[in-house]
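Chain residues, written in single-letter form:
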Amino acid sequence: MSPERLSEGDRSRFETLSVTYGEEPDLSNGMGDVTVPIHLASTYAVEGIDMDTGLDDLDPDQDQFLYTRLSNPTRHALEKRLAALEDGDHAMAFASGTSAIVSTVMAAVEPGDHIVAFEDLYGGTNTMLKELFRDKLNVGVDFVDAADPEEVAEAMTEDTTLLWMETPTNPLLRLCDIEAMAEIADEFGALLGVDNTFMGPYFQRPLQLGADVVVHSTTKYLNGHSDSLGGAAITSDDEFAEEIGFLQQVGMGNVLAPFDAYMVLRGLKTLPLRMRQHAHNASEVASYLEAHDRVKTVHFPGLESHPQYELASQQMDDYGGVLSFELDGDLADVERFVANLDEFTLAVSLGGVESLLEHPASMTHSPLPEEEREALGITETLLRVSVGIEHPKDLLEDLESAFEAIGAESEDAPETAASMD
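Residues numbered from 1 in each chain as written. Predicted model: local features only at pLDDT ≥ 70, side-chain atom pairs only at ≥ 80, totals over all residues. Heavy atoms only, no water.

Visitor: I'd like a description of the side chain of serine 103, backed by residues and values.
Guide: Mapped onto the elements of the fold, serine 103 is located in helix H3 (residues 97–108). The exposure class of serine 103 is buried, given its relative accessible area of 0%. In this structure the side chain of serine 103 is engaged in a polar contact, spanning 2.9 Å, whose partner is the backbone oxygen of serine 99. Ignoring any residue separated from it by four or fewer positions in sequence, one finds serine 103 in contact with Phe94, Leu247 and Met252. (Helix = DSSP H or I, 4+ residues; strand = E, 2+ residues; numbered from the N terminus. Buried < 20%, exposed > 50% of the residue type's maximum accessible area, 1.4 Å probe, protein only. Polar contact = N/O pair within 3.5 Å; in protein donor to acceptor, adjacent residues only side chain to side chain. Contact = heavy atoms within 4.5 Å.)

Printed below as a string of C-alpha cells:
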C-alpha cells in the first residue's frame, strides 16, 4: 500500500504521519494496541500447505508472515512509516546505516560499472566505496566536488550507473543541488542516491527533488535517543526496491531487529518537535561561534556566510542540528577545549537529544589517509558538533567556559615555564 503523497511544506500532515502512520490499532484481536507491539517471534504458523503460494505472494499488509528475516510486523510498521515520511512507495529497514548504503549501492551496480560520488562523504562510506566496490568488486569510483554540478557532469561516463551524494556532507556541511544532480543522472541513465541522515525527512525530502533512492542511518535523528542502531533505504522505483529488498531479506539477510524497529517507531513520534529544537539550538550555537575570536571558521548552512546558504534555503525547510568549526589554535588547544566541556559529550554519532562533539581527524574520518583529510579540509583543529535539544543558554555557557579555560591555560603556560627555570 503506497502512502498518501505529502504536499510540499505541509508540516501538520507530516506531524500526523510521524505519530500514527503504520500503527493503526487492530481491533480484530480484541486488543487494539495504539502502538505496534514488539514482535519477537522468529517464525509464524501458517494455515496449511499451499503449492500455489510462494514467498512473493505473502502480503504483510494482510498480516501474512512466514519468517522474520523476510518480514516482521514491527519492522513492517516502521517501513510503512518511513516510506510515508520520505514521500516514497517502498522502505527497507536494515541493521545499520552502513548496511543500508552497501545494499543500496550493490543493487545499483555490477562489476564494470562506474560510480560518481561526493568527495566529502562520511569516512566509512568513502572507505566502503574504495575498498569494497572499487578494489574487490571491480566497480569504478570517482570522487568529485559535487558542490559544482559541472564537475559531476564531467566525471560521468557511459558506464556510470550511480551518483552517490550526501547533502549536507559530513563533517564540512557542504551541499549539492539535488535537482541538478537528478538532471545529470537522468541524462546518463544513472540512478541518484542521497544520504539524507543529516537533515532527515522533516527538513529535506530528496525524492521530491528527483532522487531515486534515499538512505538514512536511523541511529541518528529518526531514532533520536542514541539507543538504537539501524538504517533504511526508501524509493518509489518498484524494480529498484525489489533489488534492494532481495539483498535485505535473502542476498545478505541484513534486517533491523524487532526491538530496534520499535525504538525507531517510538522516536519518530517526536521527530518534528525534536528537529525544530535541534535547528533552533544549532543556529544559536553557530552564530555564537562565528562571532568568537578563538574560532577560525564555522561550517553551518544556516549562516549567511556559508557559500551555499541560498541553495540550503531553497532545498531545505531549515538548516538542521549539525555544524562544524575550526578552532584558532593547535591540537593541544583542541584537547584542552574538549576536556573543559560539560554539556557537550566527546563521542561519535549525532542526532540524539543530547549534544555531542567529535574530532573528525582522530575519530569518524581517521580511516582516511592524512593527505586525503587535509585535501578535504579536515584539519586537526576541526570539531563537529551535534547540537541537542537542551536549553541553548546552557550550551552557550558551556562553550564559553571551555574557551575561557584554554585562554587561561595559555596565559599561565609562560609563568609555569619561568617558575620551573
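Anyway, onward from the coordinates.
Visitor: Lay out the pattern of salt bridges with the relevant residues and their values.
Guide: Taken as a whole and assessed by the stated rule, the structure comprises 14 salt bridges. Across the pair glutamate 23 and arginine 81 runs a salt bridge, and its minimum N-O distance is 2.5 Å. Within this pair, whereas glutamate 23 is found in the loop between helix H1 (11–20) and helix H2 (73–85), its partner arginine 81 is found in helix H2, the two being separated by 58 residues in sequence. On the basis of relative accessible area, glutamate 23 is assigned to the buried category, the value being 5%. Ionic contacts of the salt-bridge type, sharing partners, join the residues Glu23, Arg81 and Lys269 into one network. (Salt bridge = Lys/Arg side-chain N within 4 Å of Asp/Glu carboxyl O.)

Visitor: Report on a nonpolar patch on the surface, specifying residues and quantitative values.
Guide: Among the surface-exposed residues, Ile38, Leu40 and Phe259 lie close enough to one another that they form a single nonpolar patch of about 290 Å² accessible area. With respect to the element layout, phenylalanine 259 can be found in helix H9 (residues 258–268). Accessibility expressed as a relative area gives 42% for phenylalanine 259, which makes it partly exposed. (Patch = residues over 30% accessible without salt bridge, like charges linked within 9 Å, V, L, I, M, F, W, Y side chains within 5 Å. Areas by Shrake-Rupley, 256 points an atom, 1.4 Å probe, with all protein chains shown as cover.)

Visitor: Summarise the pairing of strand S3 (residues 140–144); cite the residues concerned and give the values.
Guide: When strand S2 (residues 114–118) meets S3, the two strands line up parallel, connected through five bridges. Across the sheet, the residue bridging to histidine 114 is glycine 140, located in S3. Between S2 and its parallel partner S3, the chain crosses via helix H4 (residues 123–134), and the hand of that crossover is right-handed. (Pairing = 2+ DSSP bridges. Right-handed = clockwise from strand over helix to strand, strands pointing away.)

Visitor: Pulling in residues and values, what's your account of a negative patch on the surface?
Guide: On the surface, Asp50, Asp52, Asp56, Asp57, Glu110, Asp238, Glu239, Glu242 and Glu243 cluster together to form a negatively charged patch. In this structure, aspartate 238 sits in helix H8 (residues 238–251). Assessed through its relative accessible area of 52%, aspartate 238 is described here as exposed. (Lys, Arg positive; Asp, Glu negative; His and termini not counted. Charge placed at Lys NZ, Arg CZ, Asp CG, Glu CD.)

Visitor: Can you lay out the sheet that holds strand S5 (residues 191–195) for me, pointing to particular residues and giving the numbers?
Guide: Reading across the sheet, the seven strands line up as S1-S7-S6-S5-S4-S2-S3 and stay open at both edges, with mixed pairing between neighbours. The open sheet has two free edges, formed respectively by strand S1 (90–94) and S3, since each of these has just one partner strand. On average, each strand axis in the sheet is tilted by 20 degrees relative to the strand beside it, whichever way the strands run. Across three bridges, the pairing between S5 and strand S6 (residues 213–217) is parallel. Looking across to S6, one finds that glycine 193 is bridged to valine 213. The strands touched by H4 within the sheet are S2, S3 and strand S4 (160–166), with S3 carrying the most contacts at an inclination of about 155 degrees. Seen against the sheet, H8 touches S1, S5, S6 and strand S7 (231–235) and runs at an angle of roughly 20 degrees to S1. (Axes fitted to C-alpha atoms, helices over the stretch in contact; angles between N-to-C directions.)

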